[in-house]
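Architecture at a glance
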Amino acid sequence: MNPVVLIAEELAPAAIEVLAHDFDVRHVDGTDRPALLSALSEADAVIVRSATQIDAEAVAAAPRLKVVARAGVGLDNVEVPAATARGVMVVNAPTSNIVSAAEQAVALLLAVARNTASASSALKAGEWKRSKYTGVEVQGKTVGVVGLGRIGVLFASRIAAFGTRLIAYDPYIQPARAAQLGVRLVGLEELLRESDFISIHLPKTPETVGLIGEKELTLVKPGVRIINAARGGLVDEQALADAIAEGRVAGAGVDVYSKEPCTSSPLFAFDNVVATPHLGASTHEAQDKAGLAVAKSVKLALQGEFVPDAVNVQAGGVVAEDVRPLLPLAEKLGRAFTAVAGGVAASVTVEVRGEIVSHDVSVLKLAATKGLFSSVVEEQVTYVNAPHLAAERGVEVTLATLAETAEQPTLVTVRGALPDGRTVSVSGTVTHSGARDVLKLTEVDGFDVEIGAEGILLFLRYADRPGVVGTVGTLLGESGINIAAMQVARREAGGETLMTLTVDQALGADLLTSAAESIGATAASAADLRDE
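Residues numbered from 1 in each chain as written. Predicted model: local features only at pLDDT ≥ 70, side-chain atom pairs only at ≥ 80, totals over all residues. Heavy atoms only, no water.

Going by the annotation in an unreviewed UniProt entry, the name recorded for the protein is D-3-phosphoglycerate dehydrogenase, with Micromonospora saelicesensis given as the source organism. As its UniProt record puts it under Function (unreviewed entry), the protein is described as follows: "Catalyzes the reversible oxidation of 3-phospho-D-glycerate to 3-phosphonooxypyruvate, the first step of the phosphorylated L-serine biosynthesis pathway. Also catalyzes the reversible oxidation of 2-hydroxyglutarate to 2-oxoglutarate." On record in UniProt, under Sequence similarities (unreviewed entry), the comment for the protein is "Belongs to the D-isomer specific 2-hydroxyacid dehydrogenase family." (UniProt positions renumbered as here; feature names shortened; annotations may be inferred.)

The structure is reproduced here in structure tokens:
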């Protein structure tokens, strides 16, 4: 049965096409709460826009849920902590609408400067009143940009073409970077006092809600025009309406509101306010880009791969192409480590060696952590909750990188200290066979091996002597277990030996115990390295 992808709001046809070949795509009206909760019971993924609420109740109604995708930038309608607690990945499309949003802010600024909307309404009502709608030029004016993130930068570059002077408030950007953009960084109060136009480009956080309120609006330059096409609530709507009524603010362009949908606001009473119903992302191009982006992310997530746009994954953003083949290797090394260790380690180090460390390889620590806990907890282990599972169990996972390797061009090792003082390690690498990546184990607890890191692996430790291989082979054969590969590694004749076998099906605990007893093994374990 194919995984179920539930689409709760309108999505671009091209995005649906990305999913249709591999998944059971179903549709539901996300605003119909009972229907949504019922449909979520069988969903492996759900895709929403802004109208559907995915809160703790919705997450709890979806026992199979692996990913929530928001076809857009904001996540106001997704309860990310609830999803994270369940190991559910949350993804969005962070760059899909940035051009459209920046253009909407420019459009609102120009419309407010030239009284476009009210003049259009008057003319359509039969009134020809040119003098009433005299506006102001943008050229030569000071434009204050509140927030120099991706959209703020796009807005600044576009409005600069009108011959404006640009200042900005953003405590998280370096002055040198602002200077490269042709923008002078100032404090918020200075921006309010100097700007002829103010455009806001901030995310909605506890720190930014109400950033422009009654106090701030007493500091503005008389005649300023304020644009908010970012998030509702960043500007106090009532305070802004009061400032317009008093003449301190000459006009405003508003695309977002503290409560949406919004059909009633004190700002709607003014002709010099251009109000639009949250159209920042409402272009065909943005809709298509958002849908395609989240569809690709959902596909990656359901295939168990790393998703760069996951907002609740503790790793770097973009994963270099050279690093990607190491993700499944690191996860499988984590699984093999737990099997060989026989339990959870007290601390683990993920070592990465080779020229690959010139890239950001921090995601490999996350992948290995995912593997460490995949066989020891009941809940599904994902890139999302793996760090939380480690923290809950007091397991510290660290990353170490070295530019040189002894034999392999790239080597990944999972090494850990166990509560009883023992140290266990498992190493592996990736080679290439044509266009296929081949994952190999190269070391298991100090024994040199070379066997595929795939399928079901058995590890048996015993004292070297004749007849052991035959005994194990016979026992497994009589039980209908086929051996696909086998390797015996020893440090010296007659000394401690490690037998590693790849078998075609899982062994029951009783059979593994019988195999160990038949050869007097000092340790026996099995690792399921099959792809999920």
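**A few points about helix α11 (residues 237-245)**
Inspection of α11 places E237, A239, L240, A241, A243 and I244 among the buried residues, and these make up the whole buried set. Those residues of α11 that are buried lie in contact with α10 (214-217), β10 (224-228), β11 (249-254) and β12 (273-275). Measuring from the backbone nitrogen of Q238 back to the side-chain oxygen at the start of α11 gives 3.0 Å, which picks out D236 as the cap. One or two steps after α11, the chain reaches G247, where phi turns positive at roughly 85 degrees. (Buried < 20%, exposed > 50% of the residue type's maximum accessible area, 1.4 Å probe, protein only. Helix = DSSP H or I, 4+ residues; strand = E, 2+ residues; numbered from the N terminus. Contact = heavy atoms within 4.5 Å. Polar contact = N/O pair within 3.5 Å; in protein donor to acceptor, adjacent residues only side chain to side chain.)

**Digging into the sheet that holds β10**
Spatially, seven strands are ordered β8-β7-β6-β9-β10-β11-β12 in an open sheet, and the strand pairing comes out parallel. Of all the strands in the sheet, just β8 (184-185) and β12 have a single pairing partner and so form its edges. Pairing analysis gives three bridges linking β11 to β12, with the strands arranged parallel. By the bridge assignment, V254 is partnered in β12 with A275. Together, β9 (197-200), β10, β11 and β12 form the strand contacts of helix α5 (residues 98-113), whose direction differs from that of β10 by roughly 150 degrees. The strands touched by α11 are β10, β11 and β12; relative to β11, the strand with the most contacts, the crossing angle is about 145 degrees. (Pairing = 2+ DSSP bridges. Axes fitted to C-alpha atoms, helices over the stretch in contact; angles between N-to-C directions.)

**Quick look at empty space enclosed by the protein**
In this structure the tally under the stated criterion is four cavities of 30 Å³ or more. Here the largest cavity defines a volume of roughly 60 Å³. Along the walls of the largest cavity sit I226, I227, N228, G233, V235, E237, L240, V254, V256 and L267, which together make up its complete lining. Secondary-structure elements contributing two or more residues to the lining of the largest cavity are β10 and α11. With three residues, β10 is the largest single contributor of residues to the lining of the largest cavity. For the second largest cavity, the calculated volume is near 50 Å³. In this structure, the second largest cavity is lined by F337, T338, G343, V344, A345, V348, L372, F373 and V395. Where the lining of the second largest cavity is concerned, the elements lending two or more residues are α13 (326-341) and α14 (362-373). When its residues are assigned to classes, the lining of the second largest cavity shows seven nonpolar, two polar and no charged. (1 Å grid on protein atoms, 1.4 Å probe; cavity = no way out; pocket = protein on both sides within 12 Å on 5 of 7 lines; lining within 4 Å. Points joined across faces, edges and corners; volume = space filled by probe spheres on them. Nonpolar A, V, L, I, M, F, W, Y, C, P; charged D, E, K, R; others polar.)

**Let's talk about the packing of aromatic side chains**
Counted by the stated rule, this structure contains one aromatic pair. Ring plane angle 80 degrees and centroid distance 5.9 Å describe the contact between Y257 and F268, whose orientation is recorded as edge-to-face. On the criterion of sequence distance, the pair formed by Y257 in the loop between β11 and β12 and F268 in the loop between β11 and β12 is long-range, its members being 11 residues apart. A relative accessible area of 36% means that F268 is categorised as partly exposed. Positioned above the aromatic ring of Y383 is the side chain of K370, whose terminal nitrogen or guanidinium carbon lies 5.4 Å from the ring centre. Lying over the aromatic face of F447, R491 brings its terminal NZ or CZ to 3.9 Å of the ring centre. (Phe/Tyr/Trp six-rings, centres within 6.5 Å; stacked < 30°, edge-to-face > 60°. Lys NZ or Arg CZ within 6 Å of the ring centre and 35° of its normal.)

**Focus: the pairing of strand β6 (residues 142-146)**
Of all five residues that make up β6, five are buried, and the element is covered over most of its length. With burial as the criterion, each face of β6 is covered, one bearing T142, G144 and V146 and the other bearing V143 and V145. In this structure, β6 lies alongside strand β7 (residues 165-169), joined through five bridges in parallel fashion. Following the sheet pairing, V143 is matched in β7 by L166. Note that the unit made of β6, helix α7 (residues 150-160) and β7 has a crossover that is right-handed. Pairing analysis gives four bridges linking β6 to β9, with the strands arranged parallel. Across the sheet, residue V146 finds its bridge partner in β9, namely I200. (Right-handed = clockwise from strand over helix to strand, strands pointing away.)

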